[in-house]
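Working through the structure, step by step
Chain residues, written in single-letter form:
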Amino acid sequence: MDVIWIFVWISLLSCCSDPSHWAALFPSCGGLRQSPINIVSSKVHVNSALPPFDFIGHTNTLNITSVRLTGGALPGHYRASQFHFHWGGNGNPGSEHTIDGERFPMELHIVHIKEPYGTLAEAEHDLAGIALLGFLFEVMKRRSTTVIPNFRLSDVIPSSRELHNYYRYVGSITTPGCEQAVTWTLFHKTLAISSRQVRKPEFLKKRISKPWRTDG
Ligand SMILES: [Zn+2]
């Protein structure tokens, strides 16, 4: 029994640290729509008919799940379920998406689930069930603007009129279980981060209250 437990433990370790092993344990991770992707700007189709987003309740401080989203050519209303950041170690760039091969210092993901679904598991059976918003960060020389004492989405995301330009594709959650029902929106507008924050991203854990999750 001990041997089996050790084997399972090692399997889980290798699964989750190396994406090439995910599909063995999570079949959806071998899907054709796996995110993240590299966006090749010369191959992007421009669609000026894509409407902007409307955020509802994004100035609330207490609970991200009270934030709702509509617009952006999404079919219905979506409720925010969680947000998290991806960053590299030792100050290396750690965004998941790249643009023309360029990796950015950090990436914010805000996961939304289509109403009336309550969980990712329910929503993944609807091809438009999950909407993920991604924001890339760039290092700015001036003092950081990303100080988040009582986290509100309105503290980090730009005003609605700056959210008109975005990349849209159909993909997946980027970590296991890799649900393949995600409408991805990656905004052109980048957010500011200081070089100090890139080197010590732990500041996010201290400043952002729950819900906090590092995967997805
Ligand atoms: Zn993510």
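Because the structure is a prediction, the values reported are computed rather than measured. (Residues numbered from 1 in each chain as written. Predicted model: local features only at pLDDT ≥ 70, side-chain atom pairs only at ≥ 80, totals over all residues.)

So, the nonpolar core
One finds Met-106, Ile-130 and Leu-132 to be the most contacted residues of the largest nonpolar core, which totals 37 residues. Elements represented by at least two residues in this core include exactly strand E2 (53-56), strand E4 (78-87), strand E7 (106-114), strand E8 (130-139) and strand E10 (182-187). Considering every element that reaches this core, the biggest residue donor is E8, with seven residues. With residues up to four places along the chain from it excluded, the contact list for Leu-132 reads His-109, Val-111, Val-182 and Trp-184. (Core = buried A, V, L, I, M, F, W, Y, C linked by C-beta atoms within 7 Å. Buried ≥ 20, exposed ≤ 12 C-beta atoms within 10 Å, placed from the backbone. Helix = DSSP H or I, 4+ residues; strand = E, 2+ residues; numbered from the N terminus. Contact = placed C-beta atoms within 7 Å.)

Comments concerning the sheet that holds strand E1 (residues 38-39)
Paired through backbone hydrogen bonds, the strands of a sheet run either parallel or antiparallel to each other. With respect to topology, three strands assemble into an open sheet ordered E1-E5-E6, the strand pairing being mixed. Bordering the open sheet on either side are E1 and strand E6 (102-103), each of which pairs with just one other strand. Pairing of E1 with strand E5 (residues 98-99) involves two bridges; the strand directions are parallel. From the neighbouring strand, Asn-38 faces E5, where its bridge partner is Thr-98. (Pairing = 2+ DSSP bridges.)

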